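What follows is the residue order along each chain.
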Amino acid sequence: MLKPILLVEDNPNDLELTLIALEKSQLANEVIVLRDGAEALDYLNCQGAFVSRPAGNPAVILLDLKLPKVDGLEVLRHIRSTPSLKSSPVVMLTSSKEEQDLLRSYELGVNAYVVKPVDFQEFVRAISDLGIFWAVLNEPPPGSARYVRKS
């Protein structure tokens, strides 16, 4: 069974573009969409509306930096401080080019920091490349399921 890709994004336009790009990359992984940091924490901790979700961590977490309720840095801090989550790959997917956001993300243990391109084609290409890297090229932690592309 393939692990899902967790996408935490509150901007409807960025969400739609990201989903289109992931679809174009032909990954077989389900994409779980969450709209704020509190919802992401509930999902990751199997709490609230996600108390009965299937066990296991996502293949990768695509996390926006500026989120309502709980920001992306706080979600990242929680992931890296929770033993059952800390090896989960996290990609900060954000519009912020601010050096302090970049530095803080890496200090907290993000695996990659990607600034969302403004150009539509560049955005689609960047997201597609991310999906292929994490689902096909990246070697997952021991005990993880291997991911496959649709043929």
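First, a word on what this report is: a plain description of the structure on this page. (Residues numbered from 1 in each chain as written. Predicted model: local features only at pLDDT ≥ 70, side-chain atom pairs only at ≥ 80, totals over all residues. Heavy atoms only, no water.)

A look at unusual backbone geometry
Backbone phi values are negative for most residues with the exception of glycine, while trans is the configuration of most peptide bonds. Although it is not a glycine, Cys46 sits at a positive phi angle of roughly 55 degrees. When you line up the elements, Cys46 lands in the loop between α2 (37-44) and β3 (60-63). With a phi angle near 70 degrees, Lys69 is a residue other than glycine that sits in the positive phi range. With respect to the helices and strands, the residue Lys69 is situated in the loop between β3 and α3 (72-81). (Helix = DSSP H or I, 4+ residues; strand = E, 2+ residues; numbered from the N terminus.)

Overview of the sheet that holds strand β4 (residues 90-94)
With parallel pairing, five strands are arranged side by side in an open sheet as β2-β1-β3-β4-β5. In this open sheet, the two strands that pair with only one neighbour each are β2 (31-34) and β5 (112-115). Put simply, the sheet's adjacent strands are angled 20 degrees from each other on average, direction ignored. Bridging between strand β1 (residues 5-8) and β3 involves four bridges; their strand directions are parallel. Residue pairing across strands places Val8 opposite Leu63, the latter belonging to β3. (Pairing = 2+ DSSP bridges. Axes fitted to C-alpha atoms, helices over the stretch in contact; angles between N-to-C directions.)

Structural notes on the packing of aromatic side chains
Enumeration over the complete set of coordinates arrives at one aromatic pair. Taken together, a centroid distance of 5.3 Å and an interplanar angle of 75 degrees make the contact between Tyr43 and Phe50 edge-to-face. No difference in accessibility class separates Tyr43 from Phe50, as the two residues are buried. Positioned over the ring face of Tyr43 is Arg53, at 4.1 Å from the centre of the ring. (Phe/Tyr/Trp six-rings, centres within 6.5 Å; stacked < 30°, edge-to-face > 60°. Buried < 20%, exposed > 50% of the residue type's maximum accessible area, 1.4 Å probe, protein only. Lys NZ or Arg CZ within 6 Å of the ring centre and 35° of its normal.)

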